[in-house]
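Per-entry structural report
Listed below, chain by chain, are the residues.
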Amino acid sequence: MSRNPSAALPIAFVTLRILVILNWVFGACILALLLYTFVNEPWTMKALGVSAYPNAQIVMNGMRAVAALGVASIPLNYAVLKRLLAIAVTVRRGDPFVADNAYRLNAIAWILLALQLLGLVIGWIGEPISTHEHPFHLDAGFSFNGWLAVILTFVLARVFAEGTLMREDLEGTV
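So, here is what we can say about the structure in this document. (Residues numbered from 1 in each chain as written. Predicted model: local features only at pLDDT ≥ 70, side-chain atom pairs only at ≥ 80, totals over all residues. Heavy atoms only, no water.)

1. Considerations on the environment of Ile108
Residue position: Ile108 is located in helix 4 (residues 99–129). It is 27 Å that separates the C-alpha atoms of Ile108 and Arg64, two residues lying 44 residues apart in sequence. Excluding residues that lie within four positions of it along the chain, Ile108 makes contacts with Val80, Arg83, Leu84, Ile87 and Thr153. (Helix = DSSP H or I, 4+ residues; strand = E, 2+ residues; numbered from the N terminus. Contact = heavy atoms within 4.5 Å.)

2. Section: the layout of surface pockets
Of the pockets and cavities examined, the largest pocket occupies roughly 320 Å³. Lining the largest pocket we find 15 residues, and of these Ser73, Leu115, Gln116, Gly119 and Ile122 sit closest to its centre. Among the elements of the structure, helix 3 (56–93) and helix 4 are those that each provide at least two residues to the lining of the largest pocket. Of the residues forming the lining of the largest pocket, the biggest block, 6 residues, is contributed by helix 4. (1 Å grid on protein atoms, 1.4 Å probe; cavity = no way out; pocket = protein on both sides within 12 Å on 5 of 7 lines; lining within 4 Å. Points joined across faces, edges and corners; volume = space filled by probe spheres on them.)

3. Remarks on the packing of helix 3 against helix 4
Running from amino to carboxyl end, helix 3 crosses helix 4 at an angle of 165 degrees, the nearest separation of the two axes being 9 Å. Classified by the angle their axes make, helix 3 and helix 4 are roughly antiparallel. Once helix 3 is placed against helix 4, the crossing between them reads as left-handed. (Axes fitted to C-alpha atoms, helices over the stretch in contact; angles between N-to-C directions. Parallel < 35°, antiparallel > 145°, perpendicular 65-115°, else oblique. Left-handed = near helix turned anticlockwise from the far one by under 90°.)

4. Observations regarding the packing of helix 1 (residues 8–39) against helix 3
Contact geometry for helix 1 and helix 3: axes closest at 9 Å, N-to-C directions at 160 degrees. In this view, helix 1 runs roughly antiparallel relative to helix 3, as classed from their interaxial angle. Of the two elements, helix 1 crosses helix 3, and the hand of that crossing is left-handed. Broken down by class, the residue content of the contact of helix 1 with helix 3 amounts to 22 nonpolar, 4 polar and 4 charged. (Nonpolar A, V, L, I, M, F, W, Y, C, P; charged D, E, K, R; others polar.)

5. A word on the environment of Glu127
Within the secondary structure, Glu127 is located in helix 4. It is 9.2 Å that separates the C-alpha atoms of Glu127 and Leu138, two residues lying 11 residues apart in sequence.

6. Considering the side chain of Thr44
Looking at the secondary structure, you find Thr44 in helix 2 (residues 41–47). Those residues in contact with Thr44, other than ones at most four positions away along the chain, are Tyr36, Thr37 and Met60.

7. Section: the nonpolar core
By size, the foremost hydrophobic cluster in this structure holds 16 residues, and its most contacted members are Leu69, Leu105, Ile108 and Ile111. Breaking this core down by element, the ones donating at least two residues are helix 3, helix 4 and helix 5 (144–173). One finds Met60, Met63, Ile129 and Phe136 within the second-largest nonpolar core, a separate group that totals 9 residues. (Core = buried A, V, L, I, M, F, W, Y, C linked by side-chain atoms within 4.5 Å. Buried < 20%, exposed > 50% of the residue type's maximum accessible area, 1.4 Å probe, protein only.)

8. As for a nonpolar patch on the surface
A contiguous nonpolar surface patch, about 610 Å² in accessible area, is contributed by Val14, Ile18, Leu19, Ile21, Leu22, Val25 and Phe26. Turning to its location among the elements, Ile18 is positioned in helix 1. (Patch = residues over 30% accessible without salt bridge, like charges linked within 9 Å, V, L, I, M, F, W, Y side chains within 5 Å. Areas by Shrake-Rupley, 256 points an atom, 1.4 Å probe, with all protein chains shown as cover. Salt bridge = Lys/Arg side-chain N within 4 Å of Asp/Glu carboxyl O.)

9. Looking at the packing of aromatic side chains
Taken as a whole, this structure holds 4 aromatic pairs when the rule is applied. A ring pair is formed by Tyr36 and Trp43, whose centres lie 5.6 Å apart and whose planes are at 85 degrees; its orientation type is edge-to-face. Since its relative accessible area comes to 33%, Tyr36 is described here as partly exposed. Here Trp43 falls in the partly exposed class, since its relative accessible area comes to 49%. Seen from the ring of Phe38, Arg64 lies directly overhead, with NZ or CZ sitting 4.2 Å from the centre. (Phe/Tyr/Trp six-rings, centres within 6.5 Å; stacked < 30°, edge-to-face > 60°. Lys NZ or Arg CZ within 6 Å of the ring centre and 35° of its normal.)

10. Quick word on the pattern of salt bridges
One pass over the structure, following the stated rule, counts 3 salt bridges. Between Glu41 and Arg64 there is a salt bridge, with its nearest N and O atoms 2.6 Å apart. On the criterion of sequence distance, the pair formed by Glu41 in helix 2 and Arg64 in helix 3 is long-range, its members being 23 residues apart. Residue Glu41 is classed as partly exposed on the basis of its relative accessible area of 21%.

Honestly, it's all geometry; don't read function into it.
Shown next, in the form of structure tokens:
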């Protein structure tokens, strides 16, 4: 029973469904690339431009570790997206302040925390394999906005839990 229908909700719903598919597609691509590094290492090293590095094997192993962590992040991303889709369904019904959404948001916060920790590990892997002559740029490591999102999601989960309790109290008094 939404009082003010928003055009953003259907767009968000479709976008989340597309992101679920893209998450698995990109995950499969990363996994295929990771597996191929073991099948044809010399070609992969040449294609990635690391065969000329003095520490090429260390760089290749670091890239494999980053790819493996990327594959590990795919089910985590999926868990976040599926919970967001479930929340969007309750919003579409006009009933977002339910206990399940508080639990979903709390789970999302924990998953986001895990993803931030994965990002730190990926950043740490990038440090030793990058040199001044051959910089290895990773968009990973500490993310102020990422950690802010973790905190915000934990707070939002608590807001939804309190909103659910307030709603139950109100329904009990009417």
